[in-house]
Each structure stands twice: as C-alpha cells, then as structure tokens.
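Survey of secondary and tertiary structure
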Amino acid sequence: MGSGNHQPDQAGTAIDGPTSNIPRRPPNRRDKITPLLLWWFIFVSVLASALPAGATEGEQPEHTPIEHTPIYSVTAGKSVPVNATFENPGEVAEIRLYFKTMAEDYYLFLPMAETVGGTYTAHLPPARNWTKGIDYLLLRKSLTGEIRKSKPFRLLVMNDFASPPPSAGEIQVQTEDPSAEAQNQDFAVPLRISVTVDPLFAGATEDPYPPISVPGPGGSSGLFGGLGGVSFSIKVRGVSFRYGSFSGR
Amino acid sequence: MIGPWKKKILSALLLFGLLSLVGCADHVPVQPAPNTGSVFQFPLSEVQTAARNALTHLGFAITKESPEYFEAVHLKPGETVEKNESELVGIWFQARDKYSTLVLTSTALRPTGIAKQKEWDQAIISRIRQELP
C-alpha cells in the first residue's frame, strides 16, 4: 500500500500523512463528558472567586466624613505621622489627635494641622523601647458644634535597640485631665503637658466600628477558604513563574 | 483517544481552573467550634480590652476590630502589616450573658517560613487571663 516513509498502521491510516485523510472515529462517552467537566470546573472557579469573603458585613455608618488609614505598627524611637482627610474640610472647625501609651488611663492630645487640601496631620511622639503599644484616636468638631471621635486604634511599638535615640527636645502636648501629667512617661522625648481650657473628649460621640468581614466557621474565602495560603512555582522552557496566595492585609 | 491539540487545550484549561481556585485560597483564620473556646466570667468589653492588651504584649498588630471579632498579625523585627511572613490570628467574642464571654481563637499559618511560626491560641488565652483583674 504505502510508499516511502508513509507506513500504514494497523487501522490502515497513514502515521504522518495528511490528516484530512484520517477517518474520524465516532464520538464516545468520554468525548461528551470532557467538555462538560471542563465547563463545570471553570464555572466553579469563577463562582468561588465571586463568593463574598466575609460571613458578616457590618452596616455602613451614617457619618463617614473622615478618611483615615490606620497605622498598625511603629519602631520605638520613631515619630509617626497620622493623617486624616475630610471630603468637606470647610465644615471642620477643629481636629485633634488623642494618644496615650497602652498602660495609661488618660489621653494627651495634639491639634492636627491642615497640610494639603482637606488633609490634616499630626505626629505621634516617638515611644521608648518596651512601650509595647500606643492607643490613638481622632476627634473632630464641626462648625455646627457636633463633636465625634473615632474608635481608638492600637499601634504596636516594636523595640529597636540599634538605632540612636531621637534628638533631645520637648514636645508640647495638651490634656483634658490633670492626672495625665503624671502619666505617659514612656515616650522617648520629654513631653511638656498643659491642661486645655477647651475639653471636648468627654462630650464626643463615638463612631461605630468600620465594617469588616468576619470569617465564619470553616473558612470564608470561597470554596477553598481556610487553606492558609498556597504557593507554587512552575518552569516551562526556561521561563519560571511563581504564584503565592498570601494576604497580609 | 484524545488528539494532541485537544490534550494541550485540556491541560491549559485545567491549569487555568486550578490557578483560579488556588487564587481563592486566602490566608484567614477559621472560626473554631464553640466547644473549643474559653469562657471568661467578665463582661464583653473587659474581655475585649484584655484581648487587645494580650495581643500587643505578644507582639501582634491588630488589623481588624469589631464588636465580635479581632484579627491580628504577629510581627517580627523588620516586618510590617503589609509585608510579613507571620502568623495571623482571629479572636471571636460571644457574650454568653451580661457577665461572661466566650472567646474563640484560631491561628492561620503561612506556608512560607512555617518553621518560624507557631500556634498562638493557648498563649493568647493565657495572656487574656493575666490581663483580666
């Protein structure tokens, strides 16, 4: 039958001949199931990525005039800028940054100054080693007299014995309670504390917690939630690809 | 038999599907069963304050707070919340009545640097106990 290199196989078709001459076999059950499986797999993949991450979503607060990205950690001896942004800065009469070390009861505060349009900034004084944590919150007074404060944020202070101590010099801060003068000694620079004549803290309404997703039983990240992260790398023809699904924050 | 092209397409689709699923796998603590928790004979607010202090003492940065849940990441020197290879813990609070609170904890380990990580659940519960009056 065939000539040259074109050897017929047992079914009588050419091994490397033109494919248009190969008789097609009738589709079997596997051929029908494979596309269905593939589509199911893609559907599940898309569905899993579209599922909500949290079991519980908090309600949006009515008052959201302030934008603040929380600061979670700081190295001892370093000052931290704290920023807050307002959509309508014209409505803000005053904004203060209240802070204290986690061991103390009374807050100190600094006025926040407008740096760029609508953004107010104040710097938390540097903390000493072993301070562990600083609590801070933002209080704002509107032109209408409404006073609101955020929930306190906890800032983790990480020890740093290698860096030189911050340059000497006092930082002027205020307080609403004279008892605070004896407290808050855990800062790396001396604080000159004065008692304000305009206390606002006690009369402020506290904002609710911002909405977060709360993981439920059995994980919350789609179908494969709770695996704790996956990473792998593949190399195809000299090109490597690394994938890692780890969410720090 | 499946043809060579069909095989390639099949492999590509399978790989795509696998990647999509793997991408969904997030690094989050999983809420444990209620019978694995600890009950503290203190009101919810006091237990939450103690939990906040416990986390800070143990070197955790608290990244999420709500009335029923805290989430925190353990930071080693030089690490930040945004860039770290550390454990993530979740703490769930359930007020059983006015004077007692159920606390559930869970640690999510990262596959990278796993040798330097540990389960923090017991340490957190012990520290909360210390922090309470």
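Provided above is the structure to which this section pertains.
Residues numbered from 1 in each chain as written. Chains lettered and ligands numbered in written order. Predicted model: local features only at pLDDT ≥ 70, side-chain atom pairs only at ≥ 80, totals over all residues.

This part takes up the overall build of chain A. Along chain A, the regular secondary structure elements total one helix and 17 strands. Per-residue burial for chain A yields a buried fraction of 24% across its 249 residues. Within chain A, contacts between residues separated by at least 24 positions form 61% of all contacts whose residues are at least 6 apart in sequence. (Helix = DSSP H or I, 4+ residues; strand = E, 2+ residues; numbered from the N terminus. Buried ≥ 20, exposed ≤ 12 C-beta atoms within 10 Å, placed from the backbone. Contact = placed C-beta atoms within 7 Å.)

Here we come to the nonpolar core. Grouped together as the largest cluster of nonpolar side chains are 58 residues, with contacts concentrated most on A:Leu97, A:Tyr136 and B:Ile91. If near-sequence neighbours (up to four positions away) are discounted, A:Leu97 is found in contact with A:Val82, A:Phe109, A:Leu110, A:Met112, A:Ala122, A:Tyr136 and A:Leu138. (Core = buried A, V, L, I, M, F, W, Y, C linked by C-beta atoms within 7 Å.)

The subject of this paragraph is helix α3 (residues 121–131) of chain B. The periodicity of an α-helix, 3.6 residues per turn, causes residues three or four places apart in sequence to face the same way. Residues and elements named next belong to chain B. Those residues of α3 not exposed but buried are Asp 121, Ile 124 and Ile 128. For α3, the angular spread of the buried residues around the axis is 65°, confining them to a single face. In α3, those exposed residues whose orientation departs by more than 90 degrees from the buried face are Gln 122 and Gln 130. (Arc of directions from axis to C-beta.)

To summarise the sheet geometry, strands pair through backbone hydrogen bonds and adopt either a parallel or an antiparallel arrangement. All names here are of chain B. The five strands are arranged β1-β5-β4-β3-β2 in an open sheet whose pairing can be described as antiparallel. This sheet does not close on itself; its edge strands, each paired only once, are β1 (38–40) and β2 (60–66). Here the average twist between neighbouring strands, direction ignored, is 25°. As defined by bridge partners, β2 adjoins strand β3 (residues 69–74) across six bridges and the pair is classed as antiparallel. Across the sheet, the residue bridging to Ser 66 is Tyr 69, located in β3. Against the sheet, helix α2 (residues 44–57) engages β1, β2, β3, β4 (88–97) and β5 (100–108), with an angle of about 165° to β4. Contacts from α3 reach β1, β4 and β5, with the element oriented near 150° to β5. (Pairing = 2+ DSSP bridges. Axes fitted to C-alpha atoms, helices over the stretch in contact; angles between N-to-C directions.)

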